[in-house]
2 protein chains.
Amino acid sequence: MYMEKELTIQEIAKLTGLSVHTLRYYERIGLLDHVARTNSGYRKYSDADRAWIEFLNRLRATGMTIRKMQQFADLRRKGSATIHERRVILEEHQAEVRMRLLELQSNLESIEHKIVHYKELEEDELATK
Amino acid sequence: MYMEKELTIQEIAKLTGLSVHTLRYYERIGLLDHVARTNSGYRKYSDADRAWIEFLNRLRATGMTIRKMQQFADLRRKGSATIHERRVILEEHQAEVRMRLLELQSNLESIEHKIVHYKELEEDELATK
DNA sequence: GTATACCTTTGAGCGCGCTCAAAGGCAAGC
DNA sequence: GCTTGCCTTTGAGCGCGCTCAAAGGTATAC
């Protein structure tokens, strides 16, 4: 039988890149379901917890606000009846991220032009010395 | 002779997308050089001001912090002797933005996979009804 | 000349996403 | 059994990037 490894808060922090403070904070605000505890009250994280945290990390890394992630987590708690609603949220988010990517690329290009301009100025500087 | 149009704070706000509050704030913290005034003390923005603000906007849109922008603005005030230093800052920023772009694309792909997964779940749901 | 709609400055306040402090309990080593 | 270093909860604090409030001056219309 496959035994799931249970992780301490330190271990899950290391694996997910979140701080232990942030892990407790995310639980407090409902981003994570109430995490299982040992007899003495210490948190123990399951592989499912880990997968969910890593998904939250991707939402966060793409700029989703905590409020939106809370909405998503709430729907998830309600079960499979909310799958469509969750997909809609992700699709809206996807569209936003794609737009931001385009803008980012466009702004990056402008900055790259500026860099070229500075290079030319530096070369002129050298030429007249 | 080409006459430069001088713009009121409202006009420059509309053109650059910054609020009038933010324009005054940027000036206070040294992102903008002291802007010219009318006799009665009202700000009047030049085309050069406008170009600089639009450049700041691109730095901001690509995630440069205000502190970094202040450094850049300080170098700019010191004149052409700092061109090389400014280029270095922009190149470092460029590298960071490129990395963030890659991460963003990778995270977006994961989210897109999740969307596909949700679609499949929805179809299964329909099939069993 | 007065209403109203702008402008000025300075300093305070806010929303976000954490981050930390306080006070106390638990686990493992010696 | 005591030390060291972890864990718990609750509530306060912080840094960032604005955003607004207060108090007062100015410009234009009527």
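Residues numbered from 1 in each chain as written. Chains lettered and ligands numbered in written order. Predicted model: local features only at pLDDT ≥ 70, side-chain atom pairs only at ≥ 80, totals over all residues. Heavy atoms only, no water.

## Looking at the side chain of Thr62 of chain A
Just so we agree on the cut-off: The numbering of helices and of strands both runs from the N terminus, where a helix is a DSSP run of H or I of at least 4 residues and a strand a run of E of at least 2. Relative accessibility thresholds used throughout: buried, under 20% of the residue-type maximum; exposed, over 50%; partly exposed, between the two (1.4 Å probe, protein chains only). Here a polar contact is taken to be a pair of N or O atoms separated by no more than 3.5 Å, where protein atoms must pair a possible hydrogen donor with a possible acceptor and residues adjacent in sequence count only if both atoms sit in side chains. Throughout, a residue-residue contact means that at least one pair of heavy atoms, one from each residue, lies within 4.5 Å.
Tracing the backbone through its elements, the reader meets Thr62 of chain A in the loop between α3 (47-61) and α4 (66-77). A relative accessible area of 1% places Thr62 of chain A in the buried class. A polar contact of 2.8 Å, which involves the side chain of Thr62 of chain A, links it to the backbone oxygen of Leu59 of chain A. Excluding residues within four positions of it along the chain, Thr62 of chain A makes contact with His93, Val97 and Arg100 of chain A together with Leu104, Asn107, Leu108 and Ile111 of chain B.

## Things to note about helix α2 (residues 20-28) of chain B
Residues and elements named next belong to chain B. Cut-off, in case you're wondering: Taken from the helix axis, the directions to the C-beta atoms give the arc we talk about.
Regarding α2, the residues found buried are Val20, Leu23, Tyr26 and Glu27. Burial along α2 is one-sided: seen end-on, the buried residues are contained in an arc of 125°. Among the exposed residues of α2, those pointing more than 90 degrees away from its buried face are His21 and Arg28. Contacts made by the buried residues of α2 are with α1 (9-16), α3 (47-61) and α4 (66-77). Once α2 finishes, Gly30 follows within two positions and takes phi at roughly 85°, a positive value.

## Focus: the environment of Glu103 of chain A
Residues and elements named next belong to chain A. Along the chain, Glu103 falls in helix α5 (residues 83-127). Taking the relative accessible area as the measure of exposure, Glu103 reaches 43% and is therefore partly exposed. For the pair Glu103 and Arg24, spaced 79 residues apart in sequence, the C-alpha to C-alpha distance is 35 Å.

## Points about the packing of aromatic side chains
The following threshold applies: Classification of ring pairs uses Phe, Tyr and Trp, with its six-membered ring standing for Trp, and accepts pairs whose centres are within 6.5 Å; under 30 degrees between planes counts as stacked, over 60 as edge-to-face, and the remaining range as tilted.
Under the criterion given, the structure shown has 10 aromatic pairs over all chains. Taking the centre distance of 5.9 Å and the plane angle of 45° together, the rings of Tyr25 of chain A and Tyr26 of chain A count as tilted. For Tyr26 of chain A, a relative accessible area of 5% translates into the label buried. Ring centres of Phe55 of chain B and Phe72 of chain B lie 5.9 Å apart, and the angle between their planes is 50°; this geometry places the pair in the tilted category.

## Examining α4 of chain A
Here is the rule we go by: In this scheme, a helix's expected span is set at 1.5 Å multiplied by one less than its residue total.
With 12 residues, α4 of chain A should reach 16 Å at 1.5 Å per residue; the first-to-last C-alpha distance of 16 Å fits that figure. Restricting attention to buried positions, one finds in α4 of chain A the residues Met69, Phe72, Ala73 and Leu75 of chain A. Taken around the axis of α4 of chain A, the buried residues stretch over an arc of 160°, which confines them to a single face. As for α4 of chain A, its buried residues are in contact with α3 and α5 of chain A together with α5 (83-127) of chain B.

## Some thoughts on the protein's contact with DNA strand C
As a reminder of what qualifies: One heavy atom within 4 Å of a molecule or strand makes the whole residue count as near it.
Around DNA strand C, the structure places 19 residues, and the nearest of them are Ser40 and Arg67 of chain A together with Gln10, Arg24 and Arg43 of chain B. The sugar-phosphate backbone supplies 71% of the atoms of DNA strand C found within 4 Å of the protein. A distance of 2.4 Å separates a phosphate oxygen of DNA strand C from a polar atom in the side chain of Arg24 of chain B. In this structure, Arg43 of chain B approaches DNA strand C through a side-chain N or O atom, which is 2.6 Å from a phosphate oxygen. Counting only elements with at least two residues in the surface near DNA strand C, the list comes to α2 (20-28) and α4 of chain A together with α1 and α2 of chain B.

Any functional reading would require information that these geometric values do not contain.
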